[in-house]
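Structural overview for review
Here's the letter readout for the chains.
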Amino acid sequence: MLEEKDIQAIAQLILASEERLRGEIGQVEERLRVEFHSKLETEIHASEERTRTGIQEEIRASEDRLRGEMGQVEDRLRTEFQSKLETEIRASEERLRTEFHSQMKEEIHASETRTHAYIESGVMKPIRLLAEGHAQILERLPEADELDSLRGRVRNLERIVTEQGREIDALKRA
């Protein structure tokens, strides 16, 4: 049988062993925390970079697709607008030829009003709808391009109105 002294010695050995093991466990836990934290940061950074790159590529691809679609819509609207505008102008000219000189000026004004209304309802509305559907992408496009486009369209309308005025003057003289 073991004496109490032997039992106390064994208990002290066990306590000392437990203390050493706790210290070693604490060191292992600390090393694992540092290693895990470092690896976690590396993995998170790599994941963020992959995600960022993927998103940027998707945005670029989406922008390219939308630019292509916008070009097609613009061409289609331009053709449609030109055709309808030419039809309206011919009808307006015929009416002007048959009316009095004073009514001729009123009809020119009415034609201009209809043309402006058509531009607002027939051209601007689809463009606004397209812009609303793709607002985030359009915000990234420079505004100068839009202004140049509008200026070009206004110049085109001014040119057409000026040509109509000349044709009307020629008709008056005829």
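Above this text you will find the structure in question.
The text that follows walks through the structure, step by step, so that each part is easy to find. Worth saying up front: this structure is predicted, and the values here are computed from it rather than measured.

**Things to note about the overall build of the protein**
A tally of regular secondary structure across the protein gives four helices and zero strands. Ordered by position from N to C terminus, the α and β elements of the protein give α-α-α-α. Across the protein, the fraction of contacts at a sequence separation of at least 24, relative to all contacts at a separation of at least 6, is 78%. For the protein, the exposed surface amounts to about 14000 Å²; the carbon and sulfur share of it is 56%.

**Things to note about the pattern of salt bridges**
Side-chain pairs of opposite charge can arise whenever the charged atoms involved come near each other. As enumerated under the stated definition, the model contains 11 salt bridges in all. Residue Asp169 pairs with Lys172 through a salt bridge whose shortest N-O separation is 4.0 Å. Of this pair, Asp169 and Lys172 both sit in helix H4 (residues 143-173), separated by three residues, roughly a single helical turn. Among the charged side chains, a salt-bridge network with shared partners connects Glu18, Glu19 and Arg22.

**Looking at the nonpolar core**
By size, the foremost hydrophobic cluster in this structure holds seven residues: Phe81, Leu85, Ile89, Tyr118, Ile119, Leu157 and Ile160. Secondary-structure elements contributing two or more residues to this core are helix H1 (4-98), helix H2 (101-133) and H4. Counting residues per element, this core draws most heavily on H1, at three residues.

**Brief notes about the layout of surface pockets**
Of the volumes computed, that of the second largest pocket is approximately 160 Å³. Forming the boundary of the second largest pocket are Gln82, Leu85, Glu86, Ile89, Glu93, Arg159, Ile160, Glu163, Gln164 and Glu167. For the lining of the second largest pocket, the secondary-structure elements that each account for two or more residues are H1 and H4. Among the residues forming the lining of the second largest pocket, the class breakdown is three nonpolar, two polar and five charged.

Rules behind the numbers
Residues numbered from 1 in each chain as written. Predicted model: local features only at pLDDT ≥ 70, side-chain atom pairs only at ≥ 80, totals over all residues. Heavy atoms only, no water. Helix = DSSP H or I, 4+ residues; strand = E, 2+ residues; numbered from the N terminus. Contact = heavy atoms within 4.5 Å. Areas by Shrake-Rupley, 256 points an atom, 1.4 Å probe, with all protein chains shown as cover. Salt bridge = Lys/Arg side-chain N within 4 Å of Asp/Glu carboxyl O. Core = buried A, V, L, I, M, F, W, Y, C linked by side-chain atoms within 4.5 Å. Buried < 20%, exposed > 50% of the residue type's maximum accessible area, 1.4 Å probe, protein only. 1 Å grid on protein atoms, 1.4 Å probe; cavity = no way out; pocket = protein on both sides within 12 Å on 5 of 7 lines; lining within 4 Å. Points joined across faces, edges and corners; volume = space filled by probe spheres on them. Nonpolar A, V, L, I, M, F, W, Y, C, P; charged D, E, K, R; others polar.

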